[in-house]
Every structure is written in structure tokens, then in C-alpha cells.
Amino acid sequence: MSEHPTNLRETVRRRYAAAALQITEGGAACCGPQSTDANANPNEIFGHHLYTAHERGTLPAEAVAASLGCGNPTAVADLHEGERVLDLGSGGGIDVLLSARRVGPTGKAYGLDMTDEMLALARANQRKAGATNVEFLKGTMEAIPLPAHTIDVVISNCVINLSTDKPAVFAETFRVLIPGGRIGISDVIADDELTTTQRAERGDHAGCIAGALSFTEYRHSLEAAGFTDIHITPTHPIANGIHSAQIHATKPNP
């Protein structure tokens, strides 16, 4: 029998709280397991190596060390001056801080995280970076603490797979976006033929593997929430039949 959703969320919270504390103390952390693809470079699967040297060089070292994702959503989302951006599962703040620079002083970047330790780390990184157009919020992806129609772009980096209620995540994402708003997400996705049992065999839930949707499931979930113009593009292998992918979609205008 699978673990209860409440227990899974607490397992995820504890894992990332520990990661935040480890980074604060000068260590490093990683989201998922080593790839089972013999041709994959482990350093290119998760973490700060997925960002350019220039991007890494403009941020506090702790923000870079706290990058646990499977992609670079700020590049995926093609952010513009003046936009309002929300990062789901913002962790140590790397994507929020990069987004803040891209949208400039007339825009704003929000980070949402449920883990107090990660929020403390992110706010410390915000102070070190001198970012004034940034706000970190405590909450969950399934109940985003922002009004409807207030966000231009929602990003996320290898976090939606951790949710135990993904339809709620997509519905909330759709709600906070303005009409014509968009998502630019990096996430872990499974091949369609892999069963949930086979996904769990490749890695645990908190390690970003067992909770991954398949390509078809991801598309159908976005469509059910109301999104259109959906594009899902795999970028690199995570495990056998498991991929990092870029996801784009739009909230249509009425």
C-alpha cells in the first residue's frame, strides 16, 4: 500500500528542511538519485550545473548550493521586463533571484515554499543579493496564497512531481495567472508505459521520481485545468524511462 499523502508531504518537508540546514552550515544537497542511464553525467542531472556560469556567478553561494532542481525554468519561461513571476517550491531562492533580475524593478518575483528552513535560507540569500522586487511566501502549491489573476508567469523547478494532489496544483496555477498568462516549468516526467510501481522502483517520492506523472498524464492534467498550447519537451535522462522535461502552456484569454 502506498504511503498516505500527509505522510509523504511530511517526508518531503523534512528532507528539504534538512537540505536547507546543511547548506546553511556550508554543505551541499541533491534532489534525486544518481541516474541509471550509463551515459548520463551525474553532475548534469540535478542542481546548479544546469545554470550558466554567468548566472551562478551573479548570486550568493548559498543560493547556488541550494539549487536542487532538474532544469533552468527562468530560461524556459522567457521572462520579460515588468512581469510578475511566481516560483512554486522556491527552495533557496535561485530561480526567484534570477527571475527578479530578468523582470527588473518594474516587475516582481514571488517564491512559494512550505518549509521554514528553506524560506529562511531564501530570505537570507535575498538580503545578500540586495533584491528588492522579491517576496517569499509560506504556503503550499495546492493552495497558493495569492489572489486570482495577479501573476503573468508561473515557474517551477522539479517540484510539482513532489505534490500528492497535482490537479489542485494545476488548478491553483491556472487561478492565479492572468488571462494570457503562461507557465514555464522544469519537472520530472515518466514514459507513458511505466506503471506507478515501476516509477517507484527507480527512486522514492522525496527524491523526485516516484511521484512523477507520465507525459500523457501531465498533458491531460494541464488540459483539465484549462491550459492550452501545451508543449512538453524532454531534456535529459534522470533514470531509465524517467526524464527532465520543459513544460510550456498558456491560460487562454476569455
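Here the residue numbering is sequential within each chain, running from 1 through the sequence in written order. In keeping with the model being predicted, local features are shown solely for residues with a pLDDT of at least 70 and side-chain atom pairs are shown and tallied solely at 80 or more, while totals for entire chains, interfaces and linings include all residues. The side-chain values count all of the structure's non-hydrogen atoms but skip hydrogen atoms and water molecules.

A. Broad picture of the environment of Leu121. Looking at the secondary structure, you find Leu121 in helix H6 (residues 116-129). Exposure remark for Leu121: the relative accessible area of 6% places this residue in the buried category. As for Leu121 and Gly92, which are separated by 29 residues in sequence, their C-alpha atoms are 5.6 Å apart. Helix and strand definitions follow DSSP, with helices as H or I runs of at least four residues and strands as E runs of at least two, each counted in order from the N terminus. Each residue is placed in one exposure class: buried if its accessible area under a 1.4 Å probe, protein chains only, is under 20% of its type's maximum, exposed if it is over 50%, and partly exposed if it falls in between.

B. View of the nonpolar core. Counting 31 residues, the largest nonpolar core has Leu86, Ile183, Tyr218, Phe227 and Ile247 as its most contacted members. Sorting the residues of this core by element identifies strand S1 (84-88), strand S2 (108-113), strand S4 (151-157), helix H7 (166-176), strand S5 (177-190), helix H9 (215-225), strand S7 (228-239) and strand S8 (242-250) as the ones contributing at least two each. In this description, contact between two residues means that some pair of their heavy atoms is separated by no more than 4.5 Å. Not counting chain neighbours up to four residues away, the residues in contact with Leu86 comprise Tyr110, Leu112, Ile144, Leu146, Ile151, Val153, Val154, Ile155 and Val176. The criterion is simple. A nonpolar core is a set of buried Ala, Val, Leu, Ile, Met, Phe, Trp, Tyr and Cys residues joined through side-chain atoms within 4.5 Å. Counting 13 residues, the second-largest nonpolar core is a separate cluster that includes Leu194, Cys208, Ala239 and Ile242.

C. Geometry of the environment of Ile155. Within the secondary structure, Ile155 is located in strand S4. For Ile155, a relative accessible area of 0% puts it in the buried group. Here the alpha-carbon distance between Ile155 and Gly111, two residues 44 residues apart in the chain, equals 9.6 Å. Leaving out residues up to four positions away in the same chain, Ile155 has contacts with Pro73, Thr74, Ala77, Val85, Leu86, Asp87, Leu88, Asp95, Ser99, Gly184 and Ile185.

D. Main features of the packing of aromatic side chains. The criterion for an aromatic pair is that two Phe, Tyr or Trp rings (for Trp, the six-membered ring) have centres within 6.5 Å, with stacked assigned to planes under 30 degrees apart, edge-to-face to planes over 60 apart and tilted to the rest. Counted under the stated rule, the structure contains two aromatic pairs. Geometrically, the ring pair formed by Phe174 and Phe227 is edge-to-face, given 5.2 Å between the ring centres and 90° between the ring planes. With a gap of 53 residues between them, Phe174 in helix H7 and Phe227 in the loop between H9 and S7 connect regions that are remote in the sequence. Counted as over-ring charges are cases with an Arg CZ or a Lys NZ within 6 Å of the ring centre that also lie within 35 degrees of the ring normal. Above the plane of the ring of Phe174 lies Lys251, whose end atom (NZ or CZ) is 4.8 Å from the centre.

E. Structural view of H9. Where H9 is concerned, the buried positions are Phe215, Tyr218, Ser221, Leu222 and Ala225. The buried residues of H9 occupy an angular sector of 135° when projected down its axis, which confines them to one face. Buried residues belonging to H9 abut H7, S5, strand S6 (213-214), S7 and S8. Of the residues flanking the end of H9, it is Gly226, one or two places downstream, whose phi is positive at about 115°. By arc we mean the arc of the directions from the helix axis to the C-beta atoms, nothing more.

F. Structural context of the environment of Ala245. On the secondary structure map, Ala245 appears in strand S8. Taking the relative accessible area as the measure of exposure, Ala245 reaches 0% and is therefore buried. The contacts of Ala245, once residues within four sequence positions are left out, are Ile185, Ser186, Asp187, Ile189, Ile232, Thr233, Pro234 and Thr235.

G. Just unusual backbone geometry, in detail. One non-glycine residue with positive phi stands out, namely Asp78, at about 50°. Relative to the elements of secondary structure, Asp78 occurs in the loop between helix H4 (73-76) and S1. The exposure class of Asp78 is partly exposed, given its relative accessible area of 45%.

H. Focus on the packing of H7 against H9. Structural elements are reduced to axes, namely lines fitted to C-alpha atoms, with helices fitted over the stretch in contact, and the angle between N-to-C directions of any two is expressed from 0 to 180 degrees. Between H7 and H9, whose axes approach to 9 Å, the crossing angle comes to 45°. The pairing of H7 with H9 is recorded here as oblique in orientation. For the element pair H7 and H9, the recorded crossing hand is right-handed. For the pair H7 and H9, contact is made by Phe170, Ala171 and Phe174 and by Tyr218, Ser221, Leu222 and Ala225, respectively. Angle categories: roughly parallel below 35 degrees, roughly antiparallel above 145, roughly perpendicular from 65 to 115, and oblique for all the rest. By definition, any crossing whose near helix is turned counterclockwise from its far helix by less than a right angle is left-handed, and any crossing with a clockwise turn is right-handed.

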